[in-house]
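Residue-level structure breakdown
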Amino acid sequence: MRTFRIGGLHPHDNKEFSAHKAITDVALPTQAVVPLAQHIGAPTKPVVAKGDKVLVGQVIAEAGGFMSANVHAPVSGTVAKVDSIVDSYGLPMPAIIIDVEGDEWLPEIDRTDNIISTIKAEPKEIIGKIQAAGIVGLGGACFPTHVKLSPPPGNKAECLIINAVECEPFLTCDHQLMLEHGEEIIIGIDIICKALGIDKAYIGIEGNKPDAIAKFEELVKKAVNHVEVVPLKLRYPQGGEKQLIDAVIRRQVPSGALPIATGAVVQNVATVYAVYQAVQKNRPLVDRVMTVTGPSVSNPGNYRVRFGTSLNDVIAAAGGVPEDTGKIICGGPMMGRAMANTNMPAHKRTSGILLLPESMSTRREPENCMRCGKCVDVCPMGLEPYLLSKMGDMRMWDEMEQHNVMDCIECGCCLYTCPSNRPLLDYIRMGKATVGGILRARAAAAKAAAEAAKAEEKK
Amino acid sequence: MNNLIVSPAPHVHTSNTVTKTMLNVIIALLPALVVAVIYFGMGALIVTGISVVSCVLFEYLINKFLLKKACTIGDLSAVVTGLLLAFNLPANLPWWIIVIGALVAIGIGKMTFGGLGNNPFNPALVGRVFLLISFPVQMTTWPVPQGFATKYIDAVTAATPLSAFNEGATEMPSYLDLLLGHVGGSFGEVSALALIIGGIYLLARKVITWHIPVSIILTVAVFSCILWLCDNTYMDPLTHLLAGGLMLGAIFMATDYATSPMTHMGQIIYGVLIGIIVVVIRTWGAYPEGMSFAILIMNAVTPLLNHYCRPRRFGENPKK
Amino acid sequence: MNTIVISLITLGVLGCLLAVILYLVAQKFKVYEDPRIDLVEAVLPGANCGGCGFPGCRGMAEACVKASSLDSLLCPVGGAATMGQIGEILGMAAAAGDPMVAVVRCNGTCGNRPKTTTYDGARSCQIIHNLYGGETGCMYGCLGCGDCVSVCKFDAIHMNPETGLPEVDEEKCVACGACAKTCPKKVIEIRKKGLKDKRVFVSCINKDKGGVAKKACAAACIGCGKCQKACKFEAITVANNVAYIDYEKCKACGMCVAECPTGAIHATEPVMAVVEKINAKKAAEAAAAKAAAETTQA
């Protein structure tokens, strides 16, 4: 089996808690809080006001530009207010609050389970539909999908890679989605291939999901395009876009370039399912499947949650917060974010809720770095985490830039593997944020200088 | 429920720790210690005991009274230093010399630079070389291996194979004796077999990688083979590999984390250069054995190797 | 004897030759430097703190020599005295700067601001700031990890373990601004030291609505505007639910301090003495009013 070529490790995957648990719906909330920014890029502009009646699937906030995604009403009811709430990280977050009344959908949305396999839409139309449906990468980054499907000039897509790796420990929602909605996903792949004008696709699945591999080996025969299932060796962070491209087609994205430079377009399997829903059934992105799990959660499983539902309700559906909980994480344990409370609504970015008991929540006391080099060995980007973290601690931003801190994908391998428990990634992440700011400032200054020079010339 | 804990990702962590790593090194050194006790009797145990206890004690005292930092003897690195220092000493060395060696190893070699991980030179070797230069007579008077009959004090002494060869002896111990350790010398380095067993354990537990030991051993083999083929009055390659501190050095001393390069490329260069220096010192140098010096010289080069041998970055030279 | 003579001669000749070469090289590669740069640098404190905005004291000295006027240049450490000396050297008039000092605009002590979460990671304010709002319910206040302490080159700011907040040592603080620049929450401000150390400032920057702010921290500014009304010098503005005192206009009369319902406005000792008098007067007036009311009732 294949895997990527540099670094990586294999943490215990702990998927047994929620694996093979059928996807169940979480009850509608009485009030839905829909955040306006659920994606990377420009924030959205609300188009409803207090007192407006909305139906499920109706656009309530419009994209603020090309790099942005519409937000749709996930519930039907009356808009209570457009306000700023405090999210689970203690930061302000603008949101539309809707009082739920019944569950009425827009009439054009097909809510049946009928599988529609003929793709009528033309490529332009497909991308338009995806954009209108507010679809973003559901793997975690929430990059607007229509942007990814419109390669910048000079680049041409050659193949599509479906990310069904799910290398994060504990999470099983993509696995379960593949088992329950395989046919739809295959059609979704055909739709994206048509939109990109290509006929070659790969599905990368890690070897810990043999049933999904077997199922898809069968299903790909039905696909219009040439789709190949690629079983991958268990290795974190294989679900990273760059690592996945390297693992599947043996091409490395050049430093600083976009993944499209290798001719590959990567889409998460949940995104592909959402694309199917949007194009074939006119159903915008109003819910997603997420894993609620943890060693002491009484009813761990995979849940389909409408956006805007409070995470408290989602956790309650899984049996509530266990007594011994020390940390609640939004996402997986390697890259997820620890939350300060659970008073936040579920949104496009919530791929899972992980409740860790107190015994697993604290870090061990850091010791001296003994320069064992294990962080260098596991870094999938070929960086030197021990050095970068020291530079971050000493605020040596220029040196960090020279040592390619911007290449870091924040996968957490270095911190995971350090026998001295040093907070390597904490400092690297800080350095990356600071260096990023410096680079942006420099680019802005250069742009301003160029414009000033131009203006001068005109005079 | 208490306040939730918030920390940056990742939220899971390996079970490996510094203490576990050091414990593995100690376990890997045990076969060599057993062989030493079989051949050199209680003397080996006494020297090991004094060395380990004084290393730990010095680290404790320096932490407590000089640096006023948290106590670090729990990570067992001082025990490893003590063991490695002892393994490089004759089994009949007077106790006060061992204590001085431990003081230099821990005090100068390690704690001056800030403790574990910050030392530029292997502390055990710093201690050993200091003793070798300061007490040349005591440090080169090796007891004859006589099992438990070997006395700690006033033992019958003999030369090591390497020093004998250096002085022009023609009769060398058999390869089997060299492999098992039935020869004179520092008591931890005599048995190549026991050290190789320890090395295999370290490799299996992923404490070390193969790069440093294999590159040292291969270089010594190839270089000495060339010399021996040109002129067979030079020592033969197999004796080079089995005699002296080569195995102990290649497996346990050169692979010391803090003083060896970070990347595999750097580690291979480091190993090759150690191998060359060892053979050069053994063949043309004044000292019969050069492992300690070779490693210390290359320790000094390690920062340079770290600077020039960068890991291969992802997407640096993308192969289409 | 011969050997000595030969060696003397050869070494002597060699020495002379090298001296000539060195001299020639030194002449060839000489870089002209304004001698006044050295003079100015000698006057500067030599701490290389960067508070002036130049890379170290040498950079400041070069900038001073190059500049056509000293108005926009200030060494915050040496202050007006040093700038005066530099002005003398360069024959220019130096702008007289007011002495400044760093103040911590947060009073979220452990008692005032209960923790709602526990942070477990590298001890750095910047890292917490990038991660989330902070350990308490207030997302504006001090994070308490001491980034300001680690950047201070003058040992003038220290964490108080009882309050969990940094405290500025006025004697040592030179107002270089390193702490204010580093603080990710922008809690630290460089303010005028004030006449006889009289300073009044709002020790809170919480922009939340009054109720939310008060819930997170007992000493929060709730933006009620009482201080604004009490101020006779129009020094106080309330914007985004938080009051701010303009130190250029403030006369340190202490009226606002007495008025503040949450104790968010801080004053130094000399002002506090005045405030106590105001409070005592108020209490007396209140008692008198009460007594008067009682008598009329009776």
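Position labels on residues start from 1 in each chain and follow its written sequence. Chain letters start at A and ligand numbers start at 1, both assigned in the order the entries are written. Where local features are concerned, this predicted model is filtered to residues with pLDDT of at least 70; where side-chain atom pairs are given and counted, the filter is 80 or more; whole-chain, interface and lining totals use all residues.

Before going further, it helps to examine the overall build of chain B. Strands are runs of DSSP state E lasting at least two residues, helices are runs of H or I lasting at least four, and both sets are numbered from the N terminus onward. When you go through chain B residue by residue, the secondary structure sums to 14 helices and three strands. Overall, chain B is about 75 × 55 × 30 Å in size when its C-alpha atoms are taken along their principal axes. Exposure in this text rests on C-beta crowding, where 20 or more other C-beta atoms within 10 Å of a residue's own make it buried, 12 or fewer make it exposed, and counts in between make it partly exposed. The C-beta atoms are placed from the backbone. For chain B, with 320 residues in total, the buried portion stands at 53%.

Turning next to the overall build of chain C. A tally of helices and strands in chain C yields eleven helices and nine strands. Whereas a compact globule of 298 residues would reach a radius of gyration of roughly 19 Å, chain C reaches 29 Å, over 25% beyond that. Each principal axis of the C-alpha atoms in chain C carries an extent, and together these give about 125 × 50 × 35 Å. Of all 298 residues assigned to chain C, the portion counted as buried reaches 39%. Contact definition: two residues whose C-beta atoms, as placed from backbone geometry, lie within 7 Å. Long-range pairs, those at least 24 residues apart, make up 57% of the contacts in chain C with a sequence separation of at least 6. Throughout, radius of gyration means the C-alpha value; the globule benchmark is 2.2 Å times the number of residues raised to the power 0.38.

Residue and element names in this part refer to chain A. At least two DSSP bridges between two strands are required for those strands to pair. As paired elements, strand β2 (residues 31-35) and strand β8 (residues 92-100) share five bridges and run antiparallel to each other. Bridging across to β8, Val-33 finds its partner in Ile-97. Relative to β8, strand β7 (residues 77-86) runs antiparallel, the two being bridged by nine bridges. Note on β8: the bridge partner recorded for Gly-77 is Val-100. In textbook terms, the turn of a hairpin is the stretch between consecutive antiparallel strands, and for β7 and β8 this stretch comprises five residues, one of which, Gly-90, has a positive phi near 80 degrees.

Residue-level contacts link 51 residues of chain A with 34 residues of chain B. For the side of chain A that touches chain B, the secondary structure elements donating two or more residues are β15 (325-330), β16 (337-338), α12 (413-417) and α13 (424-458) of chain A.

Sheet architecture is open: three strands sit in the order β3-β5-β6 (chain A), paired in antiparallel fashion. If you trace the sheet from one side to the other, it starts and ends with β3 (45-46) and β6 (71-72) of chain A, each paired once.

This paragraph deals with the packing of helix α4 (residues 95-110) of chain B against helix α5 (residues 123-134) of chain B. Residue and element names in this part refer to chain B. Note on geometry: axes are lines fitted to C-alpha atoms, helical ones only across the stretch in contact, with angles between N-to-C directions running from 0 to 180 degrees. One can describe the packing of α4 onto α5 by two numbers: an axis separation of 8 Å at closest approach and a directional angle of 135 degrees. The orientation of α4 with respect to α5, classified from their angle, is oblique. Relative to α5, α4 is oriented so that their crossing is right-handed. Taking contact as the criterion, the partners of Ile-97, Gly-101, Ala-102, Val-104, Ala-105, Ile-106, Ile-108, Gly-109 and Lys-110 in α4 are, on α5, Pro-123, Ala-124, Val-126, Gly-127, Arg-128, Phe-130 and Leu-131. Residue composition of the contact of α4 with α5, grouped by class: eleven nonpolar, three polar and two charged. By the definition adopted for this analysis, an angle is roughly parallel if under 35 degrees, roughly antiparallel if over 145, roughly perpendicular if from 65 to 115, and oblique otherwise. By convention, the crossing between two helices is left-handed when the near helix turns anticlockwise from the far helix through less than a right angle, and right-handed when the turn is clockwise. For this classification, Asp, Glu, Lys and Arg are treated as charged, while Ala, Val, Leu, Ile, Met, Phe, Trp, Tyr, Cys and Pro are nonpolar and the rest, including Gly, are polar.

Residue and element names in this part refer to chain A. Examined against the element boundaries, Ile-205 turns out to sit in strand β10 (residues 200-206). On the neighbour-count criterion, Ile-205 (27 C-beta atoms within 10 Å) is buried. Counting along the chain gives eleven residues from Ile-205 to Phe-216, while the straight-line C-alpha distance between them is 9.6 Å. When neighbours within four sequence positions are excluded, Ile-205 is seen to be in contact with Ala-164, Val-165, Ala-212, Ile-213, Phe-216, Val-229, Pro-231 and Leu-232.

Attention shifts here to the confidence of the model for chain B. The predictor rates its confidence in each residue with pLDDT, a number between 0 and 100. Averaged over every residue, the pLDDT of chain B is 89; the share at 70 or more is 96%. Mean pLDDT across the elements of chain B bottoms out in strand β3 (residues 157-158) of chain B (73) and peaks in α4(B) (95).

Quick look at the pairing of strand β7 (residues 236-239) of chain C now. All names here are of chain C. Two strands pair when backbone bridges link them, and β7 and strand β8 (residues 242-245) are joined in this way by four bridges, in the antiparallel orientation. Bridge pairing in β8 links Ala-239 to Val-242. In sequence, β7 turns back onto β8 through a hairpin of two residues, with Asn-240 there showing a positive phi of about 55 degrees.

With eight of eight residues buried, helix α12 (residues 246-253) of chain B lies mostly within the body of the structure. Listed in full, the buried residues belonging to α12(B) are B:Leu246, B:Met247, B:Leu248, B:Gly249, B:Ala250, B:Ile251, B:Phe252 and B:Met253.

This paragraph deals with the confidence of the model for chain C. Per-chain confidence: chain C averages 87 in pLDDT, with 98% of residues scoring 70 or above. The ipTM value of the predicted complex is 0.88, and its pTM value is 0.88.

This brings us to unusual backbone geometry. Excluding glycine, most residues fall at negative phi; most peptide bonds, likewise, are trans. Here A:Tyr236 and A:Pro237 are connected by a cis peptide whose omega angle stands at -5 degrees. Mapping A:Pro237 onto the fold places it in the loop between β11 (226-232) and α6 (241-249). Omega for the bond connecting B:Ala9 with B:Pro10 falls within 30 degrees of zero, at -5 degrees, which places this linkage in the cis form. Examined against the element boundaries, B:Pro10 turns out to sit in the loop between β1 (4-6) and α1 (18-40). The backbone phi angle of A:Arg395 is positive, close to 60 degrees, even though this residue is not glycine.

With that settled, the discussion passes to the sheet that holds β10(A). All names here are of chain A. Across the sheet, which stays open at both edges, the four strands sit in the order β11-β10-β9-β12 with parallel pairing between neighbours. The open sheet has two edge strands with one neighbour each: β11 and β12 (264-268). Neighbouring strand axes in the sheet, compared pairwise and without regard to direction, differ in orientation by 25 degrees on average. One ladder, built from seven bridges, connects β10 with β11; its direction is parallel. From the neighbouring strand, Gly-204 faces β11, where its bridge partner is Val-230. Taken strand by strand, helix α7 (residues 269-281) contacts β9 (159-164) and β12, and its axis lies near 85 degrees from that of β12.

A word on the interface of chain C and chain B. Between chain C and chain B, the residue contacts involve ten residues of the former and six residues of the latter. For the side of chain C that touches chain B, the elements supplying multiple residues, two or more each, are β2 (117-119) and α5 (125-131) of chain C. Taken together, the residues of the side of chain C that touches chain B break down into four nonpolar, four polar and two charged.

Another aspect to go through is the environment of A:Gly7. Residue and element names in this part refer to chain A. Turning to its location among the elements, Gly-7 is positioned in the segment before β1 (24-25). When the C-alpha atoms of Gly-7 and Thr-293 are compared, they prove to be 28 Å apart, with 286 residues separating the residues in sequence. What Gly-7 contacts, discounting residues up to four positions off in sequence, is Asp-377, Val-378, Cys-379, Pro-380, Gly-382 and Cys-413.

Attention now moves to the domain arrangement of chain C. If you check the domain split of chain C, you get domain 1 (35-90), domain 2 (100-193) and domain 3 (206-290). Each domain span listed reflects an automatic or database assignment of domains. Computed from C-alpha coordinates alone, the two centres of domain 1 of chain C and domain 3 of chain C are separated by 39 Å.

The next thing to look at is the packing of α1(B) against helix α2 (residues 42-67) of chain B. Two measures define how a pair of helices packs: the angle their axes make with one another and the distance between the axes. Residue and element names in this part refer to chain B. Contact pair α1 / α2: the axes reach a minimum separation of 6 Å and the direction vectors enclose 130 degrees. One way to sum up the angle between α1 and α2 is to call them oblique. Mapping the contact onto sequence places Leu-33, Ala-36, Val-37 and Phe-40 in α1 and Gly-43, Ala-44, Leu-45 and Thr-48 in α2. The class makeup of the residues in the contact of α1 with α2 is six nonpolar, two polar and no charged.

What follows deals with the environment of C:Ala80. Assignment of secondary structure puts C:Ala80 in helix α4 (residues 79-90). Residues C:Ala80 and C:Gln228, 148 residues apart in the sequence, show an inter-C-alpha distance of 33 Å.

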